There are 6 protein chains.
Amino acid sequence: MRKDRHRVTEAQRDKATVDSVLRNALNEDIGTGDITTLSIVPEKDISKALIIAKEDFILAGLSFAERTFKLVNKDVKFKAMKRDGSKIKKGTVIAEINGNTRSILMAERTALNLLQRLSGIATLTSKFVRRVAGLPVKILDTRKTTPGLRFFEKYAVKMGGGCNHRYGLFDGMLIKDNHIAAAGGLKKTVKLARSSGYDLFKIEVEAKSIKEVKEALSSGADIIMLDNMSVDEMIKAVKIIRFHKADTIIEASGNVNLENVRAIAETGVDMISVGALTHSAPASDISMKIGR
Amino acid sequence: MRKDRHRVTEAQRDKATVDSVLRNALNEDIGTGDITTLSIVPEKDISKALIIAKEDFILAGLSFAERTFKLVNKDVKFKAMKRDGSKIKKGTVIAEINGNTRSILMAERTALNLLQRLSGIATLTSKFVRRVAGLPVKILDTRKTTPGLRFFEKYAVKMGGGCNHRYGLFDGMLIKDNHIAAAGGLKKTVKLARSSGYDLFKIEVEAKSIKEVKEALSSGADIIMLDNMSVDEMIKAVKIIRFHKADTIIEASGNVNLENVRAIAETGVDMISVGALTHSAPASDISMKIGR
Amino acid sequence: MRKDRHRVTEAQRDKATVDSVLRNALNEDIGTGDITTLSIVPEKDISKALIIAKEDFILAGLSFAERTFKLVNKDVKFKAMKRDGSKIKKGTVIAEINGNTRSILMAERTALNLLQRLSGIATLTSKFVRRVAGLPVKILDTRKTTPGLRFFEKYAVKMGGGCNHRYGLFDGMLIKDNHIAAAGGLKKTVKLARSSGYDLFKIEVEAKSIKEVKEALSSGADIIMLDNMSVDEMIKAVKIIRFHKADTIIEASGNVNLENVRAIAETGVDMISVGALTHSAPASDISMKIGR
Amino acid sequence: MRKDRHRVTEAQRDKATVDSVLRNALNEDIGTGDITTLSIVPEKDISKALIIAKEDFILAGLSFAERTFKLVNKDVKFKAMKRDGSKIKKGTVIAEINGNTRSILMAERTALNLLQRLSGIATLTSKFVRRVAGLPVKILDTRKTTPGLRFFEKYAVKMGGGCNHRYGLFDGMLIKDNHIAAAGGLKKTVKLARSSGYDLFKIEVEAKSIKEVKEALSSGADIIMLDNMSVDEMIKAVKIIRFHKADTIIEASGNVNLENVRAIAETGVDMISVGALTHSAPASDISMKIGR
Amino acid sequence: MRKDRHRVTEAQRDKATVDSVLRNALNEDIGTGDITTLSIVPEKDISKALIIAKEDFILAGLSFAERTFKLVNKDVKFKAMKRDGSKIKKGTVIAEINGNTRSILMAERTALNLLQRLSGIATLTSKFVRRVAGLPVKILDTRKTTPGLRFFEKYAVKMGGGCNHRYGLFDGMLIKDNHIAAAGGLKKTVKLARSSGYDLFKIEVEAKSIKEVKEALSSGADIIMLDNMSVDEMIKAVKIIRFHKADTIIEASGNVNLENVRAIAETGVDMISVGALTHSAPASDISMKIGR
Amino acid sequence: MRKDRHRVTEAQRDKATVDSVLRNALNEDIGTGDITTLSIVPEKDISKALIIAKEDFILAGLSFAERTFKLVNKDVKFKAMKRDGSKIKKGTVIAEINGNTRSILMAERTALNLLQRLSGIATLTSKFVRRVAGLPVKILDTRKTTPGLRFFEKYAVKMGGGCNHRYGLFDGMLIKDNHIAAAGGLKKTVKLARSSGYDLFKIEVEAKSIKEVKEALSSGADIIMLDNMSVDEMIKAVKIIRFHKADTIIEASGNVNLENVRAIAETGVDMISVGALTHSAPASDISMKIGR
């Protein structure tokens, strides 16, 4: 599963980008100072704090939480007790933090906000993945991510066992109905795409009906996305595609939920993309408890 | 309801901040260029596009969506058909966009991602607000917001009829158990807060039991937060507080949901804060359709 | 006096902000290079330098001076001989610096410029504080600070024994004549403030006459600022306020100077705010002397 | 006096730099919002405001004040009634502002803080300039400016009738005792400077005694700075320099004040530099009054 | 030739990026002010200036030159007389500029520096393209671009009639010898690439010999790059590839120059990539002449 | 040759500026991740890599290459085998790199791009310098540098044995024909320059004919630039200047190449400036080879 770790490495390289998001979030929360803590907690007070699961979930984002504490005070010690991608049971201690009490309290909310969101995404992804267990299909994310957090959320999808679709508009070619309308017909559209000079990309085409599937096939698309089809239509579409050009990659998309995902997977598609993974995952419940 | 509009005005002033979030999100998505659109859509092609509700919700963030299109191409026309805070029915056209097709397609996803999230928050907030209709209580947000989007999300809470708790650690004094532990007792803690020089702030104290409510009262807290109490405990707490110091503000917090919020409101508390408003609201379903 | 150190701690957290101001100032001075030093001083030359008081003053900003040298060259050693808030005598060595001569010369002016200004502010503040010695009154700063240096200057006020008023427009509610005019009457204004949803803030109202003091009192203001009143008026105002609502906080403001500050303090006000602390404090005379 | 306007033009070009300073100052003050104004002043309220002199001074920085209001709200109208460099009488209306009341109130303090400081500098400079009226001597500023505001303060010096010394370490060569010590003797130092490759700069040398003046002369310095000399010494130094190399530029520096500046000027030096112009000028008293 | 204009459109969108490069370059040159111009040219002086070709070349970057003048002074009028991609004859007037003389002089060097470099690249590219005229082959750029100017330089290649290879490491998969060594064999490497989850990209493999070409073919590479082969080897390689899998894209790379490019093209490869286009193109000679 | 190292020291100080250029270049190349390397190279794989000269050249920029690798991964070891300014023979190992394979591959192109360009500049400069060996003349660069890289390129010129002319418009006064036209005559122009208040700069005047040389001489210029003159004209010009004012500095400029530079030098000018050093130097051929 090495590939699931790609983005962590990237994170290690692009620390500047990660730090910029975390610093921004810290500034949002701390602003000109944590007036409660500064008033009450002695300057050199030292504490131990535990990050604790308040429900079951799949963990994602622990290194970002650690970095958040470090950005407030590089001398705070952060000991991870669990790894990203692990199944966490309610009550589990995920990390132990030691250091200046003021610093720990100032970083708490920002660290938890990110950790709760990413673990929520990993947890929801994991549910989809488990539903299709045993079938040769990938669960993919979409571009429906939170503004500013795409890197983090796509990482969380991987931690939940999912795969990443294109990162953005620049690293994948996906032809939708709007493109076809603007260019005037699917065949012409794919031809334009082929002659565009972007020869290093495969061409993916969205199809909303069997008719469009056939057009996509004859246009020479490398990947066909079955958009908002019923399971019955998908079965038919997959059959046609496999018959004509077996190595075409097939993606299912639209209205996918935990109830219908297995039936969709059983149609024989290669990939199922699910917007809800990133736009509607409820946060996991995680808290921090300061001891003495 | 003028106060519900505060943050819009601030947004008008601090366009630089808003723009920075939107630009960042656009860069995330567009990167070095929308290769599909650039390949297929003619450079000077013009389109009309509609933003359409795919389900019922409360609208929030339309001016940010407009700004997103303008940042890609200032010549794109954006005609809002609805106002933030309105109840939107499935199928309603929320806005009409006219201009360069490439520009519209490049901004689409970023604009929708923000609009869907903020409308989701406004919609969930509105549900809580309707549950307590007729009672003299406010529904408040918390600091459990998405990193980098606090301003936007607190605005969405207002559009849903909720109110904003403190913005961050710098503009409100809220004493929690961790502060009390670090300082050594509630009374001492409040005394430290009083002598801290932050004389312009009221002092809010968290209480987890009737015993702590009494301590908070005798310490002279201006606001008491009943944390994670049962409804029965809350009834008792409110009674005690009102008897001893009637103008103390009372806030309920912890494990609030749509099922129990009315019962909590009926205890007579002044404010109920709900973390889920911002950390677990599912996105509203909104799409863009390009015509010709 | 722990509270006087709040902002230092914040500085430790928000090193990014401090560094940004210092880097900006260094760039302003050094630009594309210190052509004199680069021409004359050998690249690896090592020196010892002393920072020396050329007059008496209260020290403020030494850690920022240290940081300035470190930003030019992290290997320069900076040994503080005095602490912020200390009374410094003419001729005293405040710090000893060892390291690369070029680096020391490049940082000199920027470090001194900040140190001289902050010590000037601490010194002037300290004079006001000493004038009211023995009386239960605080000397406060205002928002009349140098653009870009508010954090540093409010810190210097604390080092001189003063206290900080609100940091900015966002963390304190202060109703002035302009607000009253815009809203239409003091009573209505305070009512608007109370219903604004900013329930965590106390409400301060400016009063220019006994009549306005009475209006402010009856409106329920938490803090009353006596603006530009004569000492006689203040005596009267304090008497009225204490009689009607003893725990109202009273602030005096406007035309305060070293000659009249004690008389004002003796009227019984709780706080006296002085704009000159930050807008008109002459710089303290401090120089750097390189030895061999 | 066209040359006195150089930096304004530069300001027009480098609006980005000016805006960055003003935006930073606005953020410092407004932060997450002006809670008083947002609570009390209706969103669309319109006002007229006057900027008024509360004492006599020389005006400097009015275009920056205007820009500050524009940055908050570009629709605010700002009508300058006076020009930078003018003598302003107490009670004079300097500018009239019309527009959204909230915007005007949010920008007020930041605009005034800069205007008061720059006018204070222009006013003090003007006093020095008037003291030497009729004599062929220039009053110069130094590098003892406020961190981050050098551009603004050097501009204010010009508005007061002064001239600018080098902007920073990069655009002028000034050899001080520390350089001489590091290089080992004045002659060797000047030789190093001459062979450094910076052939486009004149070489200025600091001299603290007649002996050093003679050394500087024989080393071939283009400019000699008489540092901290008594008037008698200066008379002697000027005589020697004029005798040996008449076109050498002579600068006086150190301990210059309004009492001794004329006597120094009468020694025949070409330029007198005064650190106090920028590091110790008291702010001019200027206020804003909102009408209806 | 619409596709050749892709990046212009992107430039229109990402004006922020373009402006940031231009502003940075202007600051580099102007710094604290153009002391010559400020001293000599009257503040409100108006001039007409012509940008003139001093030799023959292909034009690229005129809109960036225009933007440079606008960034200095938005009121300067810039009238383009030629279009990017045109053949320019020595002596031709490329653009006419009207406006404030100071502004024009301050922007001159920065605008010309970029224009000369980009036209140089377009001119060199055009020479390669003309050498292969009539053959079905594309001339491609590489990632050997000037740090910070990749966008501009890839645009210039298009203006010269060339095509763009991948933009960077993120939008194309190109397996080189180093990757093969690290993974342990070509077959294993391609397999890893196929299972990496980046299903939207074609896979390009570098081959240095006929043996490696065969391995690449059998591994299923979509694109094969013939690296540093002789023309004879290339002829052989193309034959083998076309025989086994006709739709494989073939790229030639390494030691390509104007002398051998046609012979390489005649081997039947689809694309020839040339590092020199961006790393060694001499600047075109272009100057600005101010009239009255 | 200590003076040749000035800018390295500055680089040490202004690491922030250097890092900003390198980070920008890395982002340009790596973007959202090196998909090839992430797919194929194991996360913790370690390699040794060599930077090798593929032709003869003068080395410049090795510390920037090192910094590039460090910015990707601070744990990568970089061992420089050669020093900037050295003559490098084809086949020489310039540096040895050890560390994480992914990190090394991600930094490779960016590091080489800069190194190749700077070495190319140093090499071309060195050729010019060698041509004038034995003559008392300096080879100077111009402001015709790559946008954003002026600091790096002026450094490379020094490494090749050249000298730097003014850095930008702000640190040298150079009067050209356009200035003279705008002001109305050379004499008036120089007079304006003299009275401009920039007393610390020498005044350089461009002369295109013997007539203009005489005018420049009589105007009192400190430096005269012979612009685009023939060698014969230059001989005459030098004679006239040396006769009238022997210490005037003389610069030759325009159409200088390797063929004519020695003849120009023999005319007796002090400095020869060559635009091609920075705008048309071909890149040196340098590659990186990963071992195991």
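Residues numbered from 1 in each chain as written. Chains lettered and ligands numbered in written order. Predicted model: local features only at pLDDT ≥ 70, side-chain atom pairs only at ≥ 80, totals over all residues. Heavy atoms only, no water.

*Asks:* Please clarify how the overall build of chain A should be interpreted in this entry.
*Replies:* From N to C terminus, chain A includes 12 helices and 12 strands. Seen along its three principal axes, the alpha-carbon backbone of chain A occupies a region of about 75 × 40 × 30 Å. Residue burial in chain A is summarised as follows: out of 292 residues, 64% are buried. Sequence-distant contacts, at least 24 apart, represent 72% of the contacts inside chain A between residues at least 6 apart. (Helix = DSSP H or I, 4+ residues; strand = E, 2+ residues; numbered from the N terminus. Buried < 20%, exposed > 50% of the residue type's maximum accessible area, 1.4 Å probe, protein only. Contact = heavy atoms within 4.5 Å.)

*Asks:* Just checking my understanding: could you explain the pattern of salt bridges for this structure?
*Replies:* Side chains that differ in charge, positive against negative, can pair when their charged atoms come close. Inspection of the entire model under this criterion finds 86 salt bridges over all chains. The salt bridge partner of aspartate 75 of chain B is lysine 74 of chain B, with a shortest N-O separation of 3.9 Å. Each of the two residues, aspartate 75 of chain B as well as lysine 74 of chain B, counts as exposed. In this structure, lysine 208 of chain B engages aspartate 177 of chain B in a salt bridge whose closest nitrogen and oxygen atoms are separated by 3.8 Å. In this pair, lysine 208 of chain B sits in the loop between strand E8 (203-207) and helix H9 (210-219) while aspartate 177 of chain B sits in helix H7 (residues 177-183), placing the two residues 31 residues apart along the sequence. Members of the salt-bridge network, linked through shared partners, are Asp177, Glu206, Lys208 and Asp227 of chain A together with Lys289 of chain B. (Salt bridge = Lys/Arg side-chain N within 4 Å of Asp/Glu carboxyl O.)

*Asks:* Can you walk me through the relation of the copies chain C and chain D in this structure?
*Replies:* Two copies of one chain are present, and they are related through a rotation about an axis combined with an axial shift. The two copies are related by a screw motion: chain C maps onto chain D through a turn of 180 degrees and a shift of 0.0 Å along the axis, at an RMSD of 0.0 Å. What we have between these two chains is a two-fold relation. A high fraction, 98%, of the interface residues of chain C reappear at the interface in chain D, so the copies pair face to face through one surface. (Least-squares fit on C-alpha atoms with pLDDT ≥ 70 in both.)

*Asks:* What is the right way to read the interface of chain C and chain D from this model?
*Replies:* The figure often quoted for interface size is the accessible area lost as the parts come together. Counting residues at the interface gives 64 residues for chain C and 65 residues for chain D. A combined buried area of about 5300 Å² lies between chain C and chain D, and 56% of that area is made up of carbon and sulfur atoms. Linking chain C with chain D are 6 salt bridges. For the salt bridge of aspartate 29 of chain C with arginine 143 of chain D, the shortest nitrogen-to-oxygen distance reads 2.7 Å. Put simply, chain C and chain D have 33 residue pairs in polar contact (both at pLDDT 80 or more) between them. (Buried area = accessible area lost by both parts, 1.4 Å probe. Polar contact = N/O pair within 3.5 Å; in protein donor to acceptor, adjacent residues only side chain to side chain.)

*Asks:* Explain the pairing of strand E8 (residues 203-207) of chain F to me, please; I cannot follow it from the model alone.
*Replies:* Each regular strand carries side chains that alternate between the two faces of the sheet. Residues and elements named next belong to chain F. The element E8 is largely enclosed, with a buried count of 5 among its 5 residues. Residues Ile203, Val205 and Ala207 of E8 are buried on one face, and the alternating residues Glu204 and Glu206, pointing to the opposite face, are buried as well. Judged from the 3 bridges that link them, strand E7 (residues 173-175) and E8 form a sheet pairing that is parallel. By the bridge assignment for E8, leucine 174 is matched with glutamate 204. Note: E8 against strand E9 (residues 223-227), 4 bridges, orientation parallel. Note on E9: the bridge partner recorded for glutamate 206 is methionine 225. At this point the chain moves from E8, through helix H9 (residues 210-219), to the parallel E9, and the crossover so formed is right-handed. (Pairing = 2+ DSSP bridges. Right-handed = clockwise from strand over helix to strand, strands pointing away.)

*Asks:* Help me understand the sheet that holds strand E7 (residues 173-175) of chain A in this model?
*Replies:* Note: strands within a sheet are paired through backbone hydrogen bonds, in either parallel or antiparallel orientation. All names here are of chain A. The sheet built from 6 strands is open, its strands ordered E6-E11-E10-E9-E8-E7 with parallel pairing. Edge strands, defined here as strands with exactly one partner in the open sheet, are strand E6 (138-140) and E7. Across the sheet, the mean angle separating the axes of adjacent strands is 25 degrees when strand polarity is ignored. Most of the contacts of helix H10 (residues 231-244) go to strand E9 (residues 223-227), to which it runs at about 165 degrees, and overall it touches E9 and strand E10 (249-253). (Axes fitted to C-alpha atoms, helices over the stretch in contact; angles between N-to-C directions.)

*Asks:* Would you explain the sheet that holds strand E1 (residues 46-53) of chain C in this entry?
*Replies:* Residue and element names in this part refer to chain C. Reading across from one edge, E3-E5-E1-E12 is the order of the 4 strands in this open sheet, with antiparallel pairing throughout. Each edge of the sheet is formed by a strand with only one pairing partner; in this case those strands are strand E3 (77-80) and strand E12 (286-290). Across the sheet, the mean angle separating the axes of adjacent strands is 20 degrees when strand polarity is ignored. By the bridge criterion, 4 bridges tie E3 to strand E5 (residues 93-100) in an arrangement that is antiparallel. By the bridge assignment, alanine 80 is partnered in E5 with alanine 95. Together, E1, E3, E5 and E12 form the strand contacts of helix H4 (residues 62-72), whose direction differs from that of E3 by roughly 170 degrees. In the packing of helix H5 (residues 101-131) onto the sheet, contacts are made with E1, E5 and E12, and the angle to E12 comes to roughly 165 degrees.

*Asks:* For this particular structure, what's the right way to read a positive patch on the surface?
*Replies:* Residue and element names in this part refer to chain A. A grouping of Lys87, Lys127, Arg130 and Arg131 is seen on the molecular surface, where their side chains present a positively charged patch. Counting residues per element, the positive patch draws most heavily on helix H5 (residues 101-131), which supplies 3 residues. In this fold, lysine 87 is placed in strand E4 (residues 87-88). (Patch = residues over 30% accessible without salt bridge, like charges linked within 9 Å, V, L, I, M, F, W, Y side chains within 5 Å. Areas by Shrake-Rupley, 256 points an atom, 1.4 Å probe, with all protein chains shown as cover. Lys, Arg positive; Asp, Glu negative; His and termini not counted. Charge placed at Lys NZ, Arg CZ, Asp CG, Glu CD.)

*Asks:* Honestly, the arrangement of the chains in this entry has me stumped. Any pointers?
*Replies:* As for chain D relative to chain A, no contact occurs, and the smallest C-alpha gap between them is 8 Å. One finds no contact between chain C and chain E; the C-alpha atoms of the two approach each other to within 8 Å at their closest.

*Asks:* Help me out: how do you make sense of the packing of aromatic side chains in this one?
*Replies:* Overall, the coordinates contain 48 aromatic pairs over all chains when judged by the stated rule. Ring geometry for phenylalanine 69 of chain A and phenylalanine 78 of chain A: centres 5.9 Å apart, planes at 40 degrees, overall tilted. (Phe/Tyr/Trp six-rings, centres within 6.5 Å; stacked < 30°, edge-to-face > 60°.)

*Asks:* Just checking my understanding: could you explain the side chain of aspartate 141 of chain A for this structure?
*Replies:* Residues and elements named next belong to chain A. Summarising the element assignment, aspartate 141 is placed in the loop between E6 and helix H6 (150-159). By relative accessible area, which is 1% here, aspartate 141 ends up buried. Within the structure, the side chain of aspartate 141 is placed 2.9 Å from the backbone nitrogen of histidine 165, a separation counted as a polar contact. If we skip the residues at most four places from it in the chain, aspartate 141 touches Lys154, Val157, Cys163, Asn164, His165, Ser273, Val274 and Leu277.

*Asks:* Explain the packing of helix H5 (residues 101-131) of chain B against helix H6 (residues 150-159) of chain B here, please?
*Replies:* The axes of two packed helices give the description: the angle between them and the distance between them. All names here are of chain B. Axis separation between H5 and H6 bottoms out at 7 Å; the angle between their running directions is 45 degrees. It follows that H5 is oblique to H6 by the angle criterion. Like other packed secondary-structure pairs, H5 and H6 cross with a definite hand, here right-handed. The residues of H6 that touch H5, namely those facing Leu114, Arg117, Leu118, Ile121, Ala122 and Thr125, are Phe152, Glu153, Ala156, Val157 and Met159. (Parallel < 35°, antiparallel > 145°, perpendicular 65-115°, else oblique. Left-handed = near helix turned anticlockwise from the far one by under 90°.)

*Asks:* Where do I start with the side chain of threonine 110 of chain D in this structure?
*Replies:* Mapped onto the elements of the fold, threonine 110 of chain D is located in helix H5 (residues 101-131). Residue class for threonine 110 of chain D comes out buried when judged on its relative accessible area of 4%.

*Asks:* I tried to follow the domain arrangement of chain A on my own but got confused; where do I start?
*Replies:* Residue and element names in this part refer to chain A. When the domains of chain A are assigned, the result is domain 1 (3-129 + 281-291) and domain 2 (130-279). A straight line from the C-alpha centre of domain 1 to that of domain 2 covers 34 Å. At the interface, 29 residues of domain 1 touch 30 residues of domain 2. In total, about 2600 Å² of surface goes out of reach between domain 1 and domain 2, with carbon and sulfur atoms giving 68% of it. For the pair domain 1 and domain 2, the interface holds 0 salt bridges. Summed over the shared surface of domain 1 and domain 2, the result is 12 residue pairs in polar contact (both at pLDDT 80 or more). Mapped onto the side of domain 1 that touches domain 2, the elements with two or more residues apiece are helix H1 (6-13), helix H2 (15-30) and H5. For the side of domain 1 that touches domain 2, the element with the highest residue contribution is H5, accounting for 11 residues. (Domains from an automatic or database assignment.)

*Asks:* I keep staring at the packing of helix H4 (residues 62-72) of chain B against H5 of chain B and nothing clicks. Help me out?
*Replies:* Residues and elements named next belong to chain B. Taken N-terminus to C-terminus, the directions of H4 and H5 make an angle of 160 degrees; their axes are 9 Å apart at the nearest point. The orientation of H4 with respect to H5, classified from their angle, is roughly antiparallel. Seen along the crossing, H4 lies across H5 with a hand that is right-handed. The segment H4 lies against H5, with Leu62, Phe64, Ala65, Thr68, Phe69 and Val72 engaging Ser103, Ile104, Met106, Ala107, Glu108, Thr110, Ala111, Leu114, Leu115 and Leu118. Grouping the amino acids of the contact of H4 with H5 by side-chain chemistry returns 12 nonpolar, 3 polar and 1 charged. (Nonpolar A, V, L, I, M, F, W, Y, C, P; charged D, E, K, R; others polar.)

*Asks:* Please clarify how the confidence of the model for chain A should be interpreted in this entry.
*Replies:* Caution applies to low-pLDDT regions: their predicted coordinates should not be interpreted in detail. Residues and elements named next belong to chain A. Put simply, chain A has an average pLDDT of 92, and 95% of its residues get 70 or more. Between residues 1-12, whose pLDDT stays under 50, and residues either more than four places distant or in other chains, the model counts 44 contacts. For this predicted complex, the interface confidence score (ipTM) comes to 0.93, while the overall pTM stands at 0.92. (pLDDT = per-residue confidence, 0-100.)

*Asks:* Please clarify how the environment of alanine 183 of chain C should be interpreted in this entry.
*Replies:* All names here are of chain C. For alanine 183, the location among the structural elements is in helix H7 (residues 177-183). In this structure alanine 183 comes out as buried when scored by relative accessible area, which is 8%. Spatially, the C-alpha atom of alanine 183 lies 19 Å from that of aspartate 222, the residues being 39 residues apart in sequence.

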